[in-house]
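One letter stands for each residue in the lines below.
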Amino acid sequence: VSGWQGRPMQIGPARPADLAAIAALHAANWRQGYAGVLPETALGAPLEAFMAARWLPEALRGDAVLAAWRNGRLIGFAAMEPDGAGGLHLDNLHVAPDHRGTGAGRALMAAVARRAGAGRLWLTVVETNHAARALYRHWGGREGPAVEDRLLGCPVTMRRVGWDSGDALATRLERAGAIR
């Protein structure tokens, strides 16, 4: 994949050796992104317990997690699952703060979209995550109505964002960023 500042980025199935870095990135991004959304107490021990249970080797079955690496360092990941209705649900998309704006998120999203193929691709995003919502709209995502959900046992308002065709989204992202 095209590099950032001349450094190439690789994207492929996450490996068992990546799980600790994935869990750490996921937790750090939640602590940053959900501060003020979730109680501080939820972002301590409950978050650590959630990540320990979420990022077991079983999470990697069927190449359900893609990772992005630069110079051997994990800089982002995307986790997905079939939705049972012919589409693909993007459960997580996270990029390390020092690699945001480098094309890593766009490249991961394009790889997930290619996995969705002609089928639908969708995700949910916290209502107050305005930056992600704006990015998904920029990528052609359509938002659904606000719905109440729970994260770490706490109530949150979420929005579903969807694309009718993974292939169409991938093409759009690839053209926008010259992803190869």
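Provided above is the structure to which this section pertains.
The residue numbering used here restarts from 1 in each chain and proceeds along that chain's sequence as written. With the structure being a predicted model, the display of local features is reserved for residues of pLDDT at least 70 and the display and counting of side-chain atom pairs for 80 or more, all residues being used for whole-chain, interface and lining totals. Each side-chain value is derived from all of the structure's non-hydrogen atoms; neither hydrogens nor water enter the calculation.

## Focus: the layout of surface pockets
Cavity: a set of points on a 1 Å grid over the protein atoms alone where a 1.4 Å probe fits but cannot get out. Pocket: an open set with protein on both sides within 12 Å along at least five of seven lines, its lining residues, like those of a cavity, having an atom within 4 Å of a point. Grid points are joined across faces, edges and corners, and a volume is the space filled by probe spheres set on the points. Taken as a whole, the largest pocket spans an internal volume of roughly 1,000 Å³. Where the lining of the largest pocket is concerned, the elements lending two or more residues are α1 (19–33), α2 (45–54), β4 (88–95), α3 (104–116), β5 (121–126), α4 (130–138) and β6 (142–151). Comment: elements are numbered from the N terminus, with helices defined as DSSP H or I runs of at least four residues and strands as E runs of at least two. If one sorts the elements of the lining of the largest pocket by residue count, β4 sits on top with 7 residues. Gly falls in the polar group here, along with every residue not listed as nonpolar (Ala, Val, Leu, Ile, Met, Phe, Trp, Tyr, Cys, Pro) or charged (Asp, Glu, Lys, Arg). When the residues that make up the lining of the largest pocket are grouped by side-chain class, the tally is 19 nonpolar, 14 polar and 6 charged.

## A closer look at α4
The complete set of buried residues in α4 reads Ala 132, Arg 133 and Tyr 136. Down the axis of α4, the sector holding all buried residues measures 100°, keeping them to one side. What points out from α4, more than 90 degrees from its buried face, is the exposed set His 130, Ala 131 and His 138. Those residues of α4 hidden inside the fold are in contact with β4, β5, β6 and β7 (154–163). Once α4 finishes, Gly 140 follows within two positions and takes phi at roughly 95°, a positive value. Any residue under 20% of the maximum accessible area for its type is buried, any over 50% is exposed, and the rest in between are partly exposed; the area is computed with a 1.4 Å probe on protein chains only. Each C-beta atom gives one direction from the helix axis, and the arc is the one those directions make. It only takes one pair of heavy atoms within 4.5 Å for two residues to be counted as in contact.

## Description of the sheet that holds strand β2 (residues 65–70)
Strand pairing follows a simple DSSP-based rule, namely that at least 2 bridges must link the two strands. Here we have 7 strands laid out as an open sheet, ordered β1-β2-β3-β4-β5-β7-β6, and mixed in their pairing. The two strands at the open ends of the sheet, each matched to only one other strand, are β1 (9–13) and β6. Pairs of neighbouring strands in the sheet enclose a mean axial angle of 25°, with direction left out of account. All axes are obtained by fitting lines to C-alpha atoms, using only the stretch in contact for helices, and the reported angles, taken between N-to-C directions, cover 0 to 180 degrees.

## Observations concerning the packing of α3 against helix α5 (residues 166–177)
Remark: α3 packs on α5, axes separated minimally by 7 Å, with the N-to-C direction vectors making an angle of 150°. One element, α3, and the other, α5, form an angle in the roughly antiparallel class. As α3 packs across α5, the resulting crossing turns out to be left-handed. Along the contact surface, α3 presents Arg 106, Met 109, Ala 110, Ala 113, Arg 114 and Ala 116, while α5 presents Gly 166, Asp 167, Leu 169, Ala 170, Thr 171, Leu 173, Glu 174 and Gly 177. In terms of residue class, the contact of α3 with α5 is built from 7 nonpolar, 3 polar and 4 charged. Orientation is classified from the angle alone, with under 35 degrees giving roughly parallel, over 145 giving roughly antiparallel, 65 to 115 giving roughly perpendicular, and any other angle giving oblique. Each crossing gets its hand from how the near helix is turned against the far one by less than a right angle, where anticlockwise is left-handed and clockwise is right-handed.

## Things to note about the side chain of Arg 159
Here Arg 159 is to be found in strand β7. By relative accessible area, Arg 159 is classed as buried at 19%. What qualifies as a polar contact is a pair of N or O atoms within 3.5 Å, subject to a donor-acceptor requirement within protein and to the restriction that residues adjacent in sequence count only when both atoms come from side chains. Here Glu 127 takes part through its side chain, which lies 2.6 Å from a polar atom of the side chain of Arg 159. Polar side-chain contacts of Arg 159 include one of 3.0 Å to the backbone oxygen of Gly 144.

## Let's talk about unusual backbone geometry
Unusually for a residue other than glycine, Asn 71 sits at a positive phi of about 55°. Following the sequence through the fold, Asn 71 ends up in the loop between β2 and β3 (73–82). Using a relative accessible area of 55% as the deciding quantity, one classes Asn 71 as exposed. Phi is positive for Leu 152, which is not a glycine, with a value near 55°.

## So, the pairing of β7
Within β7, 7 of the 10 residues are buried, leaving the element largely enclosed by the surrounding structure. Of the strand pairs in this sheet, β5 and β7 are connected by 6 bridges, and their pairing is antiparallel. In the strand pairing of β7, Val 126 is matched with Met 158. Across 8 bridges, the pairing between β6 and β7 is antiparallel.

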